[in-house]
Amino acid sequence: MRLPLALVANVRLLNSGLRIRHSIHNGVIKTSLLSSHNICSRAERKWIKPAGFDTGVKTYNSLTKQKEPLVLAQERIATWYSCGPTVYDHAHLGHACSYVRFDILQRILSRIFEINVIHVMVITDIDDKIIQRSLEQNISPTVLARMHEEEFKRDMQALRVLPPAVYMRVTDNIPQIVAFIKRIIGNGHAYVTSQGNVYFDTQSIGNRYGKLVNLGGIAGELGAQDKRDPRDFALWKASKPHEPHWESPWGQGRPGWHIECSTIASSVFGSQLDIHSGGIDLAFPHHENEIAQSEAYHQCEQWGNYFLHSGHLHLKGSVEKMSKSLKNYVTIKDFLKSYTANEFRLFCLLTRYRSAIDYSDASMNEARSTLSTISAFCHNAQAYMQGHLQCQPTEEGILWERLSATQSSVRKALADDFDTPKTMDAIMSLIHHGNCQLQPATKVDGPRSPAVFGAMLSYVREIMGVFEVDLLDRKEVHDSSGVLNNVVEELVHFRSKVRKFALSVEDQAPQDPHTGSEIQKRHPQPDRVPLLKDCDALRNNLAPLGVHIKVRFHPIRLSAEERLKENSWLLFKHGKL
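Source: prediction; values computed, not measured. (Residues numbered from 1 in each chain as written. Predicted model: local features only at pLDDT ≥ 70, side-chain atom pairs only at ≥ 80, totals over all residues. Heavy atoms only, no water.)

The subject of this paragraph is the overall build of the chain. Each helix and strand in the chain was counted, giving 17 helices and 17 strands. Within the chain, buried positions represent 47% of all 577 residues. Excluding contacts between residues fewer than 6 apart, the proportion of contacts in the chain whose partners are at least 24 apart in sequence is 73%. Accessible surface, the chain as shown: approximately 29300 Å² in total, 52% of it carbon and sulfur. (Helix = DSSP H or I, 4+ residues; strand = E, 2+ residues; numbered from the N terminus. Buried < 20%, exposed > 50% of the residue type's maximum accessible area, 1.4 Å probe, protein only. Contact = heavy atoms within 4.5 Å. Areas by Shrake-Rupley, 256 points an atom, 1.4 Å probe, with all protein chains shown as cover.)

Set out below in structure tokens:
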């Protein structure tokens, strides 16, 4: 039996190392040839260990589904890109959990392993959700996005999350995004439709699509009718009536969701990225599509070396993640009315960053109790060092050994995929042994050991400081500035009442011997002069603490009560007390 000439030609092409792809587009069968080096087998999807500086840290890499040595392209410098918020609504605790966890990881790399982390985050300020919400609220998408962007930044500051080296907005990078898409098209990995949309051609990279997830049975993005393959995803969306739009070679439109991250990360870090982070829900399709389009743009085998994903935050007893779409979320602002940033950061420390975490009053109370135990130890150790706490002689040698073992255990745990639960176990064990020897005693016989408790205290503060858990409560005082203002105002009011009482004596009105008119003069009673001196002393003592009480004197015709009302006021330097 003779084979058709076309089939014979195809067989010859296959034997020559080229691969044929048939596709139907707009009713026309198209055949394209792909060289064998462009189509990767499953073996070719293998992760390539980077060459460079070995940090001594192992981290779970979503690309390999196992722990890998963290190797950086440059010595002691980590390039880190993370997906920021889509700013159409309030940030909630699920967002906070991911950002706080990765903030802790970055601080560990920086403070423990002396790695300079260069972190870039994108703010998605144009998106279907932003457009829809702006229509609902009858405001412009730009105003809506800016409003929630600033709110997000305030929330992160309240939770003590370090800001990235730079925030990048999508709308500030439209020309770069258009250029990025043009190059992907030029490299043969994207196509333009008759409707003005541009899609990434997933078939063009063969089995390389699916580095993060097993794509068996996974459908593509919904809603598009002009795609060649269901898995293809939008790089550029043709504009619809009354939508924000920008000019492009393909007509007016706006970027797809995924292209923004690839473009912005590449504009800062180029063709190689050390670490990419985000919530586990972003692994597919967002991060998968980022990888595909970035490697298609750069024509490289591996764009991002490590993908780190944080686990979901669940409401206790629910299998569903906290999300806006499910309307089961708690805003960060509301959360901070009941709990502190210290308590939330400790809550995050008690589980692995990539594990799901249950949020409830019970879990927050556990974090609060742990924080209370740590704070109590620090207070007692300091009191012992100052001689205010008397104890029986301690087993100093054992405590030094415990401290040394804890330091070693903590560094080992943090080098093993940032194991903060094991770290906290080690810290709490050290505190337990310290507390056992800090038992108060009425009668003390023997030498004291303040040095070892000073070392333990310094180390506990140091490690908790790495995690930005403030054992000195400086930030918590700042967060309570409204309460402090009220306290100070009450103090000033009390001082005013005391001063008024000291001055409330009968007017003596002697006559002027030359004119015969009365001279209005006040003389406090002698036994009340000390009260006035104490009022002045209080005013003077408060001034160095940032509280300034000033009295402006008016004509004598005002009564003492009126002068106190009109002339005393409070100047409180925010956060100084």
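So much for the structure itself; the text now carries on.
The next point concerns the confidence of the model for the chain. The share of residues in the chain with pLDDT of 70 or more is 77%, and the mean pLDDT across the chain is 83. The low-confidence segment residues 552–558, where pLDDT is below 50, has nine contacts with residues more than four positions distant or belonging to other chains. (pLDDT = per-residue confidence, 0-100.)

Quick look at unusual backbone geometry now. Cis geometry is found at the peptide bond from Phe284 to Pro285, where omega equals 5°. In this fold, Pro285 is placed in helix α7 (residues 283–298). Although it is not a glycine, Lys65 sits at a positive phi angle of roughly 60°. With respect to the helices, strands and loops of the structure, Lys65 is situated in the loop between β3 (53–61) and β4 (66–72). One non-glycine residue, Arg160, adopts positive backbone phi at about 65°. Counting through the fold element by element, Arg160 comes out in the loop between α4 (141–158) and β7 (166–169). Exposure remark for Arg160: the relative accessible area of 8% places this residue in the buried category.

Once that is clear, we can look at the pairing of strand β13 (residues 304–310). Of all seven residues that make up β13, seven are buried, and the element is covered over most of its length. Relative to β13, strand β12 (residues 273–279) is paired through six bridges, and the arrangement is parallel. If you follow Ser277 over to β13, its bridge partner there is Leu308. Note that the unit made of β12, α7 and β13 has a crossover that is right-handed. (Pairing = 2+ DSSP bridges. Right-handed = clockwise from strand over helix to strand, strands pointing away.)

Time to look at the sheet that holds strand β8 (residues 190–192). Consider a sheet: its strands pair through backbone hydrogen bonds, and that pairing is either parallel or antiparallel. On the basis of which strands lie adjacent, the open sheet formed by four strands has the order β8-β9-β10-β11 and antiparallel pairing. If you trace the sheet from one side to the other, it starts and ends with β8 and β11 (253–255), each paired once. Strand-to-strand twist across the sheet, computed as the mean angle between neighbouring axes with direction ignored, equals 20°. Packing against the sheet, helix α5 (residues 174–186) makes contact with β8, β9 (198–200), β10 (233–238) and β11, and its axis sits at approximately 125° to β10. Against the sheet, α7 contacts β9 and β10, and its axis sits at roughly 80° relative to β10. (Axes fitted to C-alpha atoms, helices over the stretch in contact; angles between N-to-C directions.)

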